[in-house]
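# Tertiary structure, described
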Amino acid sequence: MLNSKKFFIKAPLAPFALLFSAGIFLQNVIHLSLWTALAITSIIIFFSLIPKVSKREVVIFLLVLSGGFLRMGSSQWHAEKIENNLAQLNGEIVRISGNITAIRETERGFRYSVYVDSIVTNNATIREPVKVNLYTESDFIASMGDKVDVAAEWREISPPRNPGEFDFKKYYQQQNIWAKGFMEEDEPSSITAQEGFSISTAVYDLRMSIRDLFNETVGGDAGKLMSALILGLREEVPGEIKQDFVDTGVIHVLAVSGLHVGYVLVIVMALVKILPVSWRWEKILIILLLLFYAILSGGKASVWRATFMAGMYVAAPLVYRKANLWNIISAAALILLAYNPNYLTDLGFLMSFSAVISIVFFYNQFNQILPEGMRVNSMRNPFLKGVWALFLVSVSAQIGTLPFTWSFFHRIPVISLAANIIIVPVIGVLVSLGFAIMLLGSWFPFVGVLFGNCIWLLSEIIFWLTHQLGGQTFSYIETSAPS
């Protein structure tokens, strides 16, 4: 069983991650002013400078806890400042000037995410580093990175009106998107093409090129599935297919996370092995390619968690250290929460970390408490060993994610334990074939056609399976939302 003293000696970052998270959580609950949080931190620092007043460990723990307070407090203070400055704009016709950071085609036109330079009203010019989702139904067509200047009706994103309703306002604000702008088609507008090289534009263009390659070589819903699996373009997948994945309890495969990064890590390690470089450069190249993939796939919290963990695991030998999974998990959490404390309430962050923590803990526990013949390491048949290991991983992950599945989706998956055993390995094959098309499909068209047909067939099998399994009355248990 887990010994807490030994655990914290081997994973010294774990208490720091827990305390920092606790500080963020408490600040969310009691909502102290930034100045109060600063005062508390100053008092702790003052007492820490007095000899023999308190133990060093206690002071360090209090400082980390107050660090969580401060980080969340500064984020809240910044958000309130922006909200107060923009509150006066709701319902007004304003001129929005800024650069396009994302494009999505809608049923009626386009939705552009615009990073704002200025918002001009009749009375003033407001400059805040925020984004606006600009909707247009006209032939106003801009490209990634272009600078636009348009007149639009400014509308605040509405908060939830009923208990349990999804909070779109909070969801978009975590992406620094603060309003919707509906373009005034009759007013003058301008588009200025981007000058020079931009990394974000180059990455976007590459994502769209790969998406088009999947649509060309695979086609149909299978091509859209590949865009979701590899590029994180989950919105490409039709709603009815996504619902089948939800009902079957395998919706996690559509969100680029640890599963996908794990497959990418294996592929990248195999590719790097053929290069004539030293083992140090091999590991550095692996880390750089993982970071590039995280950016290419959209950079969600779940993919950054997996990327940081994989990167630290690969980097451990470079600094002559043995990788400790609990330390790596804690480091990844600290990095992400220090960057954005709002991740602590982000569903992707919660599901990703709860799944990996649960797998690391419960998988080992199962292997200790099960009879000798049912332990993974005791099995000699490779097929049965693989299936049983995957089942235990699925059970372990589900234990950790169950509170969030219940809270957010109001259901408890049942069939997912069996579905994961079938679908997860097939997803691994699809990801591998998808990377083969990315690397070889443009150079050797017959490779794209061959692998594209294989992907189409496997995808159709997955669609059929999820539809059949998700449609059963025993696939999941409907529950009410917790109070």
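Above this text is the structure in question.
Fair warning: this is a prediction, and the values are worked out from it, not measured in the lab. (Residues numbered from 1 in each chain as written. Predicted model: local features only at pLDDT ≥ 70, side-chain atom pairs only at ≥ 80, totals over all residues. Heavy atoms only, no water.)

For the chain, the count of helices and strands is 16 helices and 9 strands. The C-alpha atoms of the chain give 25 Å as radius of gyration, which agrees with the globular expectation for 483 residues (23 Å, within 12%). Taking the principal axes of its C-alpha atoms as reference, the chain extends roughly 75 × 75 × 55 Å. The 483 residues of the chain split such that 42% are buried. For the chain, contacts bridging at least 24 residues in sequence account for 71% of all contacts bridging at least 6. For the chain, the exposed area adds up to about 26000 Å²; of that, 63% sits on carbon and sulfur atoms. (Helix = DSSP H or I, 4+ residues; strand = E, 2+ residues; numbered from the N terminus. Rg over C-alpha atoms; globule rule 2.2 N^0.38 Å. Buried < 20%, exposed > 50% of the residue type's maximum accessible area, 1.4 Å probe, protein only. Contact = heavy atoms within 4.5 Å. Areas by Shrake-Rupley, 256 points an atom, 1.4 Å probe, with all protein chains shown as cover.)

In total, this model carries 10 salt bridges according to the counting rule given. Across the salt bridge formed by Arg 155 and Glu 153, the nearest N and O atoms sit 3.4 Å from each other. Note that Arg 211 and Glu 236 form a salt bridge whose closest N and O atoms lie 3.6 Å from each other. Of this pair, Arg 211 sits in helix H6 (residues 199–217) while Glu 236 is found in the loop between helix H7 (220–231) and helix H8 (239–248), placing the two residues 25 residues apart along the sequence. By sharing partners, the salt bridges in this structure join Arg 211, Asp 212 and Glu 236 into a single network. (Salt bridge = Lys/Arg side-chain N within 4 Å of Asp/Glu carboxyl O.)

The subject of this paragraph is helix H13 (residues 347–369). Between the first and last C-alpha of H13 there are 31 Å, a value that for 23 residues agrees with the 33 Å anticipated at 1.5 Å per step. Largest kink in H13: about 25 degrees, centred on Ile 359. The residue sitting at the N-terminus of H13 and contributing the capping side-chain oxygen is Asp 346; that oxygen lies 3.1 Å from the backbone nitrogen of Gly 348. (Expected span 1.5 Å × (residues − 1). Bend = angle between axes of the 7 residues up to and from the residue. Polar contact = N/O pair within 3.5 Å; in protein donor to acceptor, adjacent residues only side chain to side chain.)

Attention shifts here to the nonpolar core. With 51 residues, the main nonpolar core has Leu 229, Ile 230, Phe 245, Leu 254, Ile 427, Leu 430 and Phe 435 as its most contacted residues. Residue contacts for Leu 254: discarding those within four places in its chain leaves Leu 225, Ala 228, Leu 229, Arg 234, Lys 242 and Phe 245. Listed in part, the 26 residues of the second largest apolar core include Ile 328, Leu 337, Tyr 343 and Leu 350. (Core = buried A, V, L, I, M, F, W, Y, C linked by side-chain atoms within 4.5 Å.)

Bringing the packing of helix H9 (residues 258–273) against helix H15 (residues 416–441) into the picture now. Close contact between H9 and H15 brings their axes to 10 Å; oriented N to C, the two are set at 50 degrees. On the basis of the axis angle, H9 is oblique to H15. Relative to H15, H9 is oriented so that their crossing is right-handed. Taking contact as the criterion, the partners of Leu 259, His 260, Tyr 263, Val 264, Ile 267 and Leu 271 in H9 are, on H15, Val 424, Pro 425, Ile 427, Gly 428, Val 431, Ser 432, Phe 435 and Leu 439. When grouped by side-chain class, the residues that make up the contact of H9 with H15 number 11 nonpolar, 3 polar and no charged. (Axes fitted to C-alpha atoms, helices over the stretch in contact; angles between N-to-C directions. Parallel < 35°, antiparallel > 145°, perpendicular 65-115°, else oblique. Left-handed = near helix turned anticlockwise from the far one by under 90°. Nonpolar A, V, L, I, M, F, W, Y, C, P; charged D, E, K, R; others polar.)

Such coordinate-based values are descriptive only and should not be taken to indicate function.
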